[in-house]
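# Descriptive structure summary
One-letter residues, chain by chain:
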Amino acid sequence: MAESLLLAAAPMPQGEADMPLADYLAMFEAALIATDPLFGWRLGQQVKPTTYGVNGILLLACPTLGLALEQVLRFEALVHDLGRSSLLQQEGVAVYSWRNDMASHAVAGALAESVFSGIKTCAEWLAGRPVMPIALEFTHAAPRGSSLASLAGVEVAYGCPINRVLFPAELLALPIPQANNGLLPLLQGHAEALLRERHQTEPAIVGQVRQVVLNNLGEGGLKLADVAQALHLSTRTLQRRLTEAGMAFQDLLDTTRHELARHYLASSAMPIGEIAYLLGYRDPAAFHHAFKGWQGEGPGSFRGRSQRTESPL
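Residues numbered from 1 in each chain as written. Predicted model: local features only at pLDDT ≥ 70, side-chain atom pairs only at ≥ 80, totals over all residues. Heavy atoms only, no water.

### Details of the overall build of the protein chain
The secondary structure content of the protein chain amounts to 15 helices and five strands. Burial status across the protein chain gives 46% buried among its 313 residues. For the protein chain, long-range pairs separated by at least 24 residues make up 65% of all intrachain contacts whose partners lie at least 6 apart in sequence. Entry remark: accessible area of the protein chain is about 15,400 Å², with carbon and sulfur atoms responsible for 56%. (Helix = DSSP H or I, 4+ residues; strand = E, 2+ residues; numbered from the N terminus. Buried < 20%, exposed > 50% of the residue type's maximum accessible area, 1.4 Å probe, protein only. Contact = heavy atoms within 4.5 Å. Areas by Shrake-Rupley, 256 points an atom, 1.4 Å probe, with all protein chains shown as cover.)

### Observations regarding the packing of aromatic side chains
Between two aromatic rings, the relevant description is the distance of the centres plus the angle of the planes. For the structure on display, the rule yields nine aromatic pairs. Centre to centre, the rings of Phe291 and Phe302 are 5.5 Å apart; their planes meet at 65°, and the pair counts as edge-to-face. In this pair, Phe291 sits in helix α14 (residues 284–295) while Phe302 sits in helix α15 (residues 299–310), placing the two residues eleven residues apart along the sequence. Across this residue pair, the class does not change: Phe291 and Phe302 are buried. These aromatic residues form a ring-pair network of at least three members: Tyr281, Phe287, Phe291, Trp294 and Phe302. (Phe/Tyr/Trp six-rings, centres within 6.5 Å; stacked < 30°, edge-to-face > 60°.)

### Some details on unusual backbone geometry
A positive phi angle, close to 50°, is found at Glu91, a residue other than glycine. Tracing the sequence through the fold places Glu91 in the loop between β1 (83–90) and β2 (93–100). In this structure, His232 takes a positive phi of about 60° despite not being glycine. Tracing the chain through its elements places His232 in the loop between α10 (224–230) and α11 (235–244). Using a relative accessible area of 74% as the deciding quantity, one classes His232 as exposed.

### Remarks on the side chain of His140
Along the chain, the position of His140 falls in the loop between β3 (135–137) and α7 (148–152). Polar side-chain contacts of His140 include one of 2.8 Å to the side chain of Glu113. When neighbours within four sequence positions are excluded, His140 is seen to be in contact with Gly109, Glu113, Tyr158 and Gly159. (Polar contact = N/O pair within 3.5 Å; in protein donor to acceptor, adjacent residues only side chain to side chain.)

### So, the pairing of β1
When β1 meets β2, the two strands line up antiparallel, connected through eight bridges. Opposite Arg84, over in β2, you have Arg99 as the bridge partner. From the end of β1 to the start of β2, which pair antiparallel, there are two residues, and Glu91 there has a positive phi angle of about 50°. (Pairing = 2+ DSSP bridges.)

### Observations regarding helix α2 (residues 21–34)
Between the first and last C-alpha of α2 there are 20 Å, a value that for 14 residues agrees with the 20 Å anticipated at 1.5 Å per step. Looking only at α2, the buried set comprises Tyr24, Leu25, Phe28, Ala31 and Leu32. Taken down its axis, α2 places every buried residue within 125° of arc, on the same side. Summarising the geometry of α2, the exposed residues directed more than 90 degrees from the buried face are Ala22 and Ile33. (Expected span 1.5 Å × (residues − 1). Arc of directions from axis to C-beta.)

### Some details on the sheet that holds β2
Across the sheet, five strands lie side by side as β1-β2-β5-β3-β4; this open sheet has mixed pairing. Bordering the open sheet on either side are β1 and β4 (155–157), each of which pairs with just one other strand. Here the average twist between neighbouring strands, direction ignored, is 15°. One ladder, built from three bridges, connects β3 with strand β5 (residues 163–168); its direction is antiparallel. The residue bridging Leu136 from the neighbouring strand is Val165, located in β5. Against the sheet, helix α5 (residues 65–74) contacts β1, β2 and β5, and its axis sits at roughly 145° relative to β1. Lying on the sheet, helix α6 (residues 108–127) is in contact with β2, β3 and β5; it crosses β2 at an angle near 145°. (Axes fitted to C-alpha atoms, helices over the stretch in contact; angles between N-to-C directions.)

### Some details on the pattern of salt bridges
For the structure on display, the rule yields five salt bridges. Where Arg99 meets Asp101, a salt bridge forms, and the shortest distance between an N and an O atom there is 2.7 Å. Owing to a relative accessible area of 48%, Arg99 belongs among the partly exposed residues under this scheme. Residue class for Asp101 comes out partly exposed when judged on its relative accessible area of 38%. (Salt bridge = Lys/Arg side-chain N within 4 Å of Asp/Glu carboxyl O.)

### Observations regarding the confidence of the model for the protein chain
Reading predicted coordinates in detail is not appropriate for stretches of low pLDDT. On average, residues of the protein chain score 80 in pLDDT, and 79% of them are at 70 or above. Confidence scores differ between elements of the protein chain, with helix α1 (residues 2–8) showing the lowest mean pLDDT of 42 and β3 the highest of 94. Segment residues 1–10 is flagged for pLDDT under 50; beyond a separation of four residues in sequence, or across chains, it makes 16 contacts in the model. (pLDDT = per-residue confidence, 0-100.)

Written as structure tokens, this is what we have:
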């Protein structure tokens, strides 16, 4: 009975056969009630890379665990809409955090445990060896009668500000023995295409422009004419299509830069000057001015507040 429930509630890859989120949560809750408080962790122990569809296959092409984890963050939306992950490294310790967007649901705690168990299980499957974290921290209260620490083999803390696992940063360099590096660009392209398909309600021209922007931000000042040339359109035609879609090029460029800036500042230790360069700013002061206009505070202030709130060590 328990084994069949584990298999039934296993994470489903996104795509044509998506399970409605409400149905998945209802099935997860039924399985949790029928088994015990450790159901979430044991569910995560059932997964392997291929459980996650194209995103899982992409992991098999990565040369190291660190690169594989980067793909998890980059393409998480292909696997589920339950929450989102981030990764930080500080003083030899890596911190993988997960924002639970189902925090108000009855299964929120077990769901978070299943995510971290699945990450650990996949990492060990890829590396072909045990991967031991330093500590696990969850926002939910300790389940009554739960002995997760003995099952997970690591100290577990509850009632914490965020869901996260701490582990030695050196584990990110572990090689993946079966990696096929030659397939990585092809699989990344496929995953990018699937992500675009998940935003079909967005006018096609907006998605096309955003992709060109993402591919060329680091090359300096990106102009409408540059994007038009990349899309094999005249500048006037591109301007007209964006207007018909209700979008101005500068707004789209600024929105894309703002989103990337927030991601880099909150989820990496990359110097602010380097972030400015990656976003196409040759003058860091110009980036500071732009970010303050978008966010209402400077990039340094935003980084400090975000990392204190979301991923403090």
